[in-house]
Each structure stands twice: as structure tokens, then as C-alpha cells.
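Structural overview
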Amino acid sequence: MNVKCIGFLFVFIGQAYSESYNEELFIKPLATGYVYSFFQFTIIREDDSFKHSTLFPHSLGDIIDRFHVSELDVDLTSGLWRHKSWGYPAVDAPSGAEISARFHNDTQDVDQHWYGLTNALSGLLCTSLNFINSANSYESSAHRVYRYSNLPRENVCTENLTPWKKLLPCDSTRGLSSFLNSGRVHNANYHSLGIHFRPLCNAGKCKYELRLTVSLVYDSVFISFNNNYDWSLRKMFGTGLFMTCPLADYSKIYLDTSSNISVPYSISQEPDYFLKKNIAVYNLNGIFHLSAIVSRPKIVVSELRPLLYTDRFITGFGQEYGGLVTRIYNDHRSPITATVIENIPWFLPIYYHTLKVTSNGIRVTPKGLIYKPGKGRVRIYYLEIVLELAPRSVTEISVQFDYVFLKWQEYPPDANHGFYIGSAIVKATIPRHATSLTFDKSLIVDNINSTGSDYLICLKTENFIITLPTPDFSMPYNVICLACTVVALAFGPIHNITTKRLKLTTAKYVPGLASIAQKLYVLLKNIIWNRNKNNKRKAAKVKVFAHEELSYHPRLGHVSEEFMKDKVDCIK
Amino acid sequence: MEKLLFFVYSIGILIRIYLSFSDFSTSIADRVEVSTPLNSWKRVIEGVSLYNENINPYDGDLFHETPLALVFFSHLTSTLSDFYVSLVFIACDLITAFVLYYTSKIYTENLLKQQTKTKHVYNKKSKLLIPDDFSVINPFYVCSVYMLNPYTVFSCIARTTTVFNNLFLALCLYSMVKRHRLLGCLSLVLASLPTFYTFGLLAPLMISCASNDSKNKTGSFIITFLTCGTISCSLLYLCYTIMNEWTFLDSVYGFILNVRDLKPNIGLFWYFFTEMFEHFRALFVCAFQLNASVLYVIPLSIRLRHDPLLLATSLLSLTAVFKSYPSIGDVGFYLSLLPIHRHLFYFMQQAFIVSCFFVGCTVFAPTVWHLWIYSRSANANFYFGVTLAFATTQIFLITDLLFAYIKREFALKHGMKRMINGKKARLMLD
């Protein structure tokens, strides 16, 4: 009773700030026995200041206010979405962390706001978004106030899920969010957390929409224990639903039954009603459970392929020169215009003149091309290509690159694991199709009901790992010593040649250490002899003649005057 | 002798043409010893294609030639097909060999002239005397070393811009022995604008130009210096007018001086600055760059002031060892200058060791590179070891040559016999 009262109070205040909240879950059995579930928690508010709110997460509102953010997308993903067999997801996100933001048009110092935003979000979500700098983010070619970055190396785990759940009005105690147990979420083959904030403006009046999304893909064979394709909410999430969130206007579960034709299954509960014939809708208001028994647990026929999908890989061998190939498959019967955005990190310098675009093996010229060369440690290589994809064709974009040799402290720990290269982005407007799900409206129900013929998709390609050649990390002192020795090898003799003169000497040549030992010996002997005053013997001294004192004799070589005198005496 | 020379020339040309149009050319051009970030043709093409697309090539990290070179190469590649571009490189090498031939000829003739003035002093059988046939044989050797040395051949086939650089350097040396100030200054500036280090050759150029008029040496020094300064300033300004901004300075000279690209080459910089602790980096960059550019210029100019060409040779070879992005094209160039100083060979002691090491390093470098980069069974230390050995060998060669010079100088003054009062004596530096 008490809870209901408080809930009522909140709803009342919420309405005062004109905020609304909805919880939705979209479930779609995918081909090859996977089940896709997409959670969406939508908050819409009309006030553009985020100082006071009841449903809108205050911590996020502060950040949005402070950094003049007008649009924000954050995705934290683990695993790879397989477009070819799974179709399109509701939110396409590459593996790792991805963030993009648009700031208010009048923002002066966009970069500073961008770094401030990423740092704040890294604190809010416990991610490494603070590693974002100019060397891994880019500014859109069209908008000055737009920034994008991805961190493919980011590991998404429990520490991100917990703070993310705190943004929800009902936390994870009630409603659909009680399905999100970290143990189960991270058991999924693919999971992606998202925060999507954007303004919805209509005739000068704006609403602000915040969608908190989770995409999960479970392998139904793996979760069913008895090697069949049956799935249920409890098997996937570890629990059924006990209570809905009282703050939500409604909570609904949608089940896409279109695959029932190829893989028949029976559902434990009759839906409340159907949308567009094959989307079963369940209105939630209390305890709820749903399970499906798949009647033919055999090899599942693959669904219709999506119209547009991509492939990306590196070519070449060794760690000197390589190539980067992005393939775009158009399975549609008419041409599609697509924009491909490659953002390649600075340690993979690409050669623009080797850029080759082929369609079914025939070289074509792209409709539009923007290239911004990167710069070491400062800026990525940005390549934007607008292409017209011929009907039923494979378009291949290939470019060559060099492997860069980094400074030894720039390698990450476990350097031989390699460097992650983020995904390319392919944007295209494609016609509505059997595998398509549009998610451009706020609520899933509106999206299902929408009746456009074309819609925009944004595909993210695979990431890849590249192992750059490494130095020997244990060598710094040795290298410094050896290289300096070689320099000294030149400096010593040249110093001698330029500052000293050649002279003749009769002193015996004693190499290195022996000469030091001899000098010491002579010195010690001198000291001992000098102590014994009676003995006046001197240590033998070798005379070095200055050439002015000598004259040259063709037979005897250099001779001193004394020597000549002696000689003359002898002769006499 | 003319027939032999013609023979060597044609062999040199045939080798170059054959390799340029064979499949070897790309694999040679990809070698790190041949193409460095500063001289590789691939990067020139990249710069030119960016320039033609109206993208500033100096925004990127790949192009490091001067704007003058950029415009030149842009015209070259747009007017000539790939085949003719190769021929241009071969032709440049031929001209360089010719210029070096005449340089050597004039220099040896000058030496002989000087010798006849003082001939009456020497013993006729003395080994110090330069025989008359040197003026024929030396140029032939110089020319054939340049034409047939694999280092220069590879550099030409890989179409490195070192080929053009060598041409300007050869012209500079030629004008030194000809004592032609303007040509000397112009070629010196053209050679050192893209590579920076060779500006040290200003010293021998100043000395040789000053030896023309014995009255006012300081004046002559200043005139040469100012000529070079004016030409380089005006060329830099010309570069500015091409690009309309000064960013190329950082892309060319900042890149050379800060050693931003740590791709291995035959020099000492790459591994040293890969393994450098960040807070010592500035100190060692300064120390190494000073060592490569100006440290030896003044002392050697004072010591070798009577022989500007030897001074130039030793400065060129020292920079080829110590510069930040050396290639074997540079090594090949100074090696072909050695026969000019054949009268010093009698006093050189380490020729055998040095030549063995040259061969050894040339074989080992690609081998350990393959082991490191492709089969991944070796690591960076192996290649570093080879480059260290190569640098040491070259240093031995240079110091041996310099020692030979001062020994000959000594022997000219004091005779060949190393005896004092009838006893055997030895030479020492004191």
C-alpha cells in the first residue's frame, strides 16, 4: 500500500515535470537457434533543463547540461553481431565501447567539451572512455559539433552494468530490469548496453528522449541444458517477472513470431493481441512468465539474408606491409547508395594512392570521397566514401598500409596480443524487408507500426587485431650503451686526428690494460726508490723527440744531434 | 681506357634497365635498407596524388619531400609514363657518374700539378709520389664504382629520391674542384634542402672557393656563405609560395630532426629512440643530431683545409653513418668517392676487415630482417646488431682514411723511414 502511494506521488510529480517512462522488451528467435532480446527503457521529458527531474537520471542530466550535449549515443558491447545470419539489430554497435555526441551548435570549444564529456561518462559508467583523445576520435565532415570515437579494446563487464542499471527509475528491483542479472547478461553470446539521448523537435517545440537499451543474444541450445532449441524467460534471464515498475506508463513484451513459419514453436501464453499479424504483444501487470517449445529441434533453415551486409579483413603476410579490405554485399535487385566511413588509427598509415574500389571485380569511381590524412600520435586517418552499390553486387574497398614501429612505451601490456582496430561504419537507406526492424521512433510499438518504405541503417563492421612488430622490451639500457659506443668509436679517433700531431717514438707499444699496469709499476717503483735516498738510480725514461730536434738521414731515418755527434766520435 | 669505360657504362646501364623492368624492382624498393621514409618513391607517389586531389600532403604523416620536389615530381609523373620515369632515374645516375668522373679527373690533375712544383724534393722511387697514370685510372675507378656498386644500383632501381640528391652532391663536388662558386652553392642548397645534413659541405665549398683568390680569404668565405644563404632562403620562400603555408617545414625538417618514424634502417637512430626513456629523449635527440650534423665540421675543416675534397668525402660519409634516415644510396655515393683518394690507400690498414664486414652486413641484414618480420623467429636485436656492425665498419673505413691522410702528410714532411737514431720507432699521436 505504502509503495503504491509513493509510486503514485512520483507519477504525479513526474507529470508536473511532464516526464513519461515506458519499459519494453522485444524478443526475436533468430536463425540457427539464437534468441535475440532487446530491452528498451524510454524516458521522455519536455523540459530542456535537467536540473530537476523525477524519472530522468539526475547524474546523466547533469553531464548533458554541463557539456552542452544535444545528442549522445554510448554503446558498450561484447561479442560480434552476425548480420549475415541474424539480420539487423535494433541498435548496431561494434564490439568494445563506442561513443558519439553532437553538441549545441553555438558551442565554442567543442574538443574541450568532448573530452570533458568522455571523462565524465567514464566515471559514470566505469569505462575507459577517458582514453579518448584526438588520436582516436574524429569530427564529422558535415558537422563541426559532432564527435565520434570507438575503443575496440574495451572489455564490457559487470562493473559497467551495475552503474548503467542505476540510471533506471526502478533500478533493477522491479520491472523488466529485474531480468538483467549480471551473471546471466555476461553469459550471453552477444550483449550490448546503450545510452541514447536525443531531442525530438516538431515545429520548434522539443522533447527530450532518453533510451536505455540492452541487447542480448542467447544460444538456445546452450541455455536449454537438454540439447534442444526450447527457450524461456527463466532460462535466459534466470528469473521470471514478479512485479512491474510502478513508475512506468506501461510495460510490454513483444515477440516476433515471423520465424514461426520456418521453425514452428508453441508459446506457453496466449498473447494479448497481435501487431501487424506476427508480433505478439503481452501487456505486463504482475507475475509473468513466457516459454517456447520448439517442435523441430533440427538444423534450422537460415532466414532470408539481409539486403546489405559487410565483411572486413586484412591482407598480406609479415609485419611490414599489409592491406585492408572492406566488402559490402548488396543483395537487393536495385542499386543502393551507401556511405562508408573508415577511421583508421594513426599507427596504421594508409596510402591514399593505393585506394581501390571495385564492384564485382571491376574498378569503379566512388560518387563522393573525403580523405583526411592522419598524423602520428595526433590524428586518425579518416576516409569517407559515397558509393552506388550495383544491384546484386559485391563492392570491395581496399587500401594498403604500413606497419608502424612504435616507441617501446607505447605498446600496451602484452604487446604481442596485438592492437585492436575499430570497425568501419556503413550507412545506407534500404527498402523495408523481411529481416528489417526499424528503430527510429521512440517506442518499439511505434516502430512496429510505422509504415515507411525506406529506412536508414547504420552497419558496423567487424573489428580486427593487428600485431605490430615489437622491439625487445628488456633492452633499453643495452641499446643506449651500444649505440653510444658506436658513436664514441667515431668521436675518439676523429678527436685524436684533429687535435693531436703524429710523432715518432721508440717507446714500446703496450696495449690497453698492460700499459696502465706498467705505468702503475713505474710510479710505485719511483716512490720506493725515492724513499731510499742513498740509491740515486732513476727509472728508465723514454724520450719522445720533437721533430724540430731531429734531422732525417736517408739510411738511419730520424737522427738526433747527440746521436750524430756520437756517430762522428766513433768514426773518429 | 675509353673502351673499358664505355664497357663499364654499358654494363651499368644494362643492369639498371634489366632490374628496373623486372619483378625485382618492387621487392628491392620495399627493402628498408634502400627506401627510408625520406626517400621512398611510394611516399612520393602518395604525396603527389594527395597534392593532385588538393589535399595538403604535409597534413599527413607519409610525405616528407620539399614542396619544390613535390611540384617537380607531380609534373614528372603526370607528363611521363612509368617506363620513362624509370629512365629518368637511370639517366640521373649516368650523369652523376659522369660528373664524378670529371671531378676525379680534375682533382687528380691538380694533385699532379702541385706535385710537379715540389718534385725536386722527393726521392724519385718514393711510394709517396703520385704516378701520372692516376689521372686516367682514378676517374675510371670512380665511375665504375658508381656504375656497378650494388648499393647505387639498388637505390636507382628502387627510384629513391637519393638518386637526385646524389646528382646534386656530385655537381657540388665538381664545382668544388672547378672552384665554381655559384654552381656549387646552388647544387649544395638543392642537395641539402630535402636532406638537411649535407649543408656541412658548405665548409669545403667555402675553402675551395677561397683558395681561388689568396688575398682576401675572409671575404671569399663570406661571399660563399651569403650566396648559399640567399639561395636557400629564396628557395624556401618559393616553397612557401607553392604551399601558401609553412607547415612543410615541420613535415620536412621537424620529421628529420625529431626522428618521428622509427622504422628500421641502416642507421643508429631507430632502435635507440625506440628504446629511449621518454624524459631523456630530447637530450639524446639533440646529442645525436649535433653529432650527425655539425660536430665534425669545424675540426675536420681545420685539419683538412688543404684538401677540400677529402673533407667533403669524410663529411659525407660521416653524415651517411649518423643521419637519422640513412639509406644505402648514401653509402654507395661516398664509397664511389674513395678511389679519388687512391694516393692514400697505401697508408690504409683495415681495408680487408672493412670489406669483409661490408659484404657480411649486406648479406645478413635482409636475412635477419626476414627472420624478424616474416618468420618471427628472431627479434629486433638481430637487425639492430647488423646495423651496429655496419655503422662500425663504416666508421673504421672513415677513420682509416683520415689516418692515412695524416700519415701521408707526416711521411711527406719527415720521410718514410720510421727510425730514430737507427732504432725502430713507431708513430703515435701526441
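Not measured: the values here are computed from a predicted model. Residue positions are given per chain, counting from 1 as you read along its sequence in written order. Chain letters start at A and ligand numbers start at 1, both assigned in the order the entries are written. Given that the model is predicted, a residue must reach a pLDDT of at least 70 before its local features are reported, and side-chain atom pairs must reach 80 or more before they are shown or counted; all residues, however, enter totals for whole chains, interfaces and linings. With hydrogens and water stripped out, all remaining heavy atoms of the structure feed into the side-chain values.

Considering the overall build of chain A
Secondary structure elements follow DSSP: runs of H or I no shorter than four residues count as helices, runs of E no shorter than two count as strands, and numbering proceeds from the N terminus. Summing up its helical and strand segments, chain A has twelve helices and 29 strands in all. Contact definition: two residues touch when any of their heavy atoms are within 4.5 Å. If you take every contact in chain A between residues at least 6 apart in sequence, the share linking residues at least 24 apart comes to 72%. Accessible area of chain A: about 27,100 Å², with a carbon and sulfur share of 55%. Surface exposure here means Shrake-Rupley accessible area, sampled with a 1.4 Å probe, where a residue is shielded only by the protein chains that are shown.

A word on the sheet that holds strand S18 (residues 350-359) of chain A
All names here are of chain A. A pair of strands is treated as paired once DSSP finds two or more bridges between them. An order of S15-S16-S22-S18-S19 is seen for the five strands of this open sheet, with the pairing classed as antiparallel. The open sheet has two edge strands with one neighbour each: strand S15 (308-315) and strand S19 (362-363). In terms of strand pairing, strand S16 (residues 321-330) meets strand S22 (residues 393-402) through ten bridges, oriented antiparallel. Looking at S22, one finds that Ile328 is bridged to Thr395.

Comments concerning the pairing of strand S10 (residues 250-256) of chain A
Residue and element names in this part refer to chain A. We call a residue buried when its accessible area falls under 20% of the maximum for its residue type, exposed when it is over 50%, and partly exposed in between, using a 1.4 Å probe and counting protein chains only. Burial within S10 is extensive, with six of its seven residues counted as buried. Judged from the six bridges that link them, strand S1 (residues 19-29) and S10 form a sheet pairing that is parallel. When the sheet's bridge partners are listed, Glu24 is paired in S10 with Lys252. Sheet topology note: the S10/strand S13 (residues 279-283) ladder contains five bridges and is antiparallel. Directly across from Ile253, in S13, lies its bridge partner Tyr282.

Quick notes on empty space enclosed by the protein
All names here are of chain B. Here a cavity denotes a set of grid points, spaced 1 Å apart and computed over the protein atoms alone, in which a 1.4 Å probe fits but from which it cannot get out, and a pocket denotes an open set meeting protein on both sides within 12 Å along at least five of seven lines; residues with an atom within 4 Å of a point are reported as lining. Grid points are joined across faces, edges and corners, and a volume is the space filled by probe spheres set on the points. Evaluation of the coordinates by the stated rule reveals nine cavities of 30 Å³ or more. Looking at the second largest cavity, it is lined by 13 residues, and the ones nearest its centre are Leu169, Thr198, Leu316, Lys323 and Asp330. Elements represented by at least two residues in the lining of the second largest cavity include exactly helix H8 (162-178), helix H16 (308-322) and helix H17 (328-337).

Details of the state of the cysteines
Residues and elements named next belong to chain A. Cysteine sulfur pairs qualify as disulfides if the two atoms are within 2.5 Å. What the rule picks out here adds up to two disulfides over all chains. Between the sulfur of Cys170 and that of Cys245 lies a disulfide, 1.8 Å long from S to S. Linking Cys170 and Cys245, the disulfide has an S-S dihedral of approximately 65° and is accordingly described as right-handed. With Cys170 in the loop between helix H5 (158-165) and helix H6 (182-185) and Cys245 in the loop between helix H8 (233-237) and S10, this residue pair connects regions lying 75 residues apart in the sequence.

Some points on the environment of Phe272(B)
Along the chain, Phe272(B) falls in helix H13 (residues 269-274). In this structure the C-alpha to C-alpha distance between Phe272(B) and Met1(B), which are 271 residues apart in sequence, comes to 47 Å.

Notes on the interface of chain A and chain B
Each partner contributes to the interface: chain A provides 70 residues, whereas chain B provides 77 residues. Three residues stand out in chain A for area buried against chain B, namely Phe405(A), Ile497(A) and Leu502(A), and they jointly supply 11% of the buried area on that side. A pairing counts as a salt bridge when a side-chain nitrogen of Lys or Arg comes within 4 Å of a carboxyl oxygen of Asp or Glu. Taken together, chain A and chain B are joined by two salt bridges. In this structure, Arg43(B) engages Asp402(A) in a salt bridge whose closest nitrogen and oxygen atoms are separated by 3.8 Å. Counted as a polar contact is a pair of N or O atoms within 3.5 Å, where, for protein atoms, one must be capable of donating a hydrogen and the other of accepting one, and residues adjacent in sequence contribute only when both atoms are in side chains. Counting across the interface, chain A meets chain B through 18 residue pairs in polar contact (both at pLDDT 80 or more). Under the convention adopted here, Pro, Cys and the residues Ala, Val, Leu, Ile, Met, Phe, Trp and Tyr are nonpolar, Asp, Glu, Lys and Arg are charged, and Gly plus all remaining residues are polar. Counted by class, the side of chain A that touches chain B contains 40 nonpolar, 18 polar and twelve charged residues. Two parts placed together each lose some accessible area; with a 1.4 Å probe, that loss summed over both constitutes the buried area.

Some details on unusual backbone geometry
Leave glycine aside and you will find that most residues have negative phi; peptide bonds, for their part, are mostly trans. Unusually for a residue other than glycine, Arg377(A) sits at a positive phi of about 65°. Judged by its relative accessible area of 28%, Arg377(A) is partly exposed. One non-glycine residue with positive phi stands out, namely Arg159(B), at about 55°. For Arg159(B), a relative accessible area of 11% puts it in the buried group.

Considerations on the packing of helix H18 (residues 351-374) of chain B against helix H19 (residues 380-414) of chain B
Packed helices, taken two at a time, are described by the angle their axes make and the gap between the axes. Residue and element names in this part refer to chain B. Between H18 and H19, the least distance of the axes is 9 Å, while the angle of their chain directions is 160°. Classified by the angle between their axes, H18 and H19 sit roughly antiparallel to one another. In the packing of H18 onto H19, the handedness of the crossing is left-handed. Together, Ala351, Val354, Phe357, Phe358, Cys361, Phe364, Ala365, Val368, Trp369 and Trp372 of H18 and Ala380, Phe382, Tyr383, Val386, Ala389, Phe390, Thr393, Gln394, Phe396, Leu397 and Asp400 of H19 make up the contact between the two elements. Of the residues that constitute the contact of H18 with H19, the class distribution is 18 nonpolar, two polar and one charged. Lines fitted to C-alpha atoms define the axes here, with helix axes fitted over just the stretch in contact, and angles between the N-to-C directions of these axes take values from 0 to 180 degrees. Orientation categories follow fixed angle ranges, with anything under 35 degrees roughly parallel, anything over 145 roughly antiparallel, 65 to 115 roughly perpendicular, and all other angles oblique. By definition, turning the near helix anticlockwise from the far helix through less than a right angle yields a left-handed crossing, and turning it clockwise yields a right-handed one.

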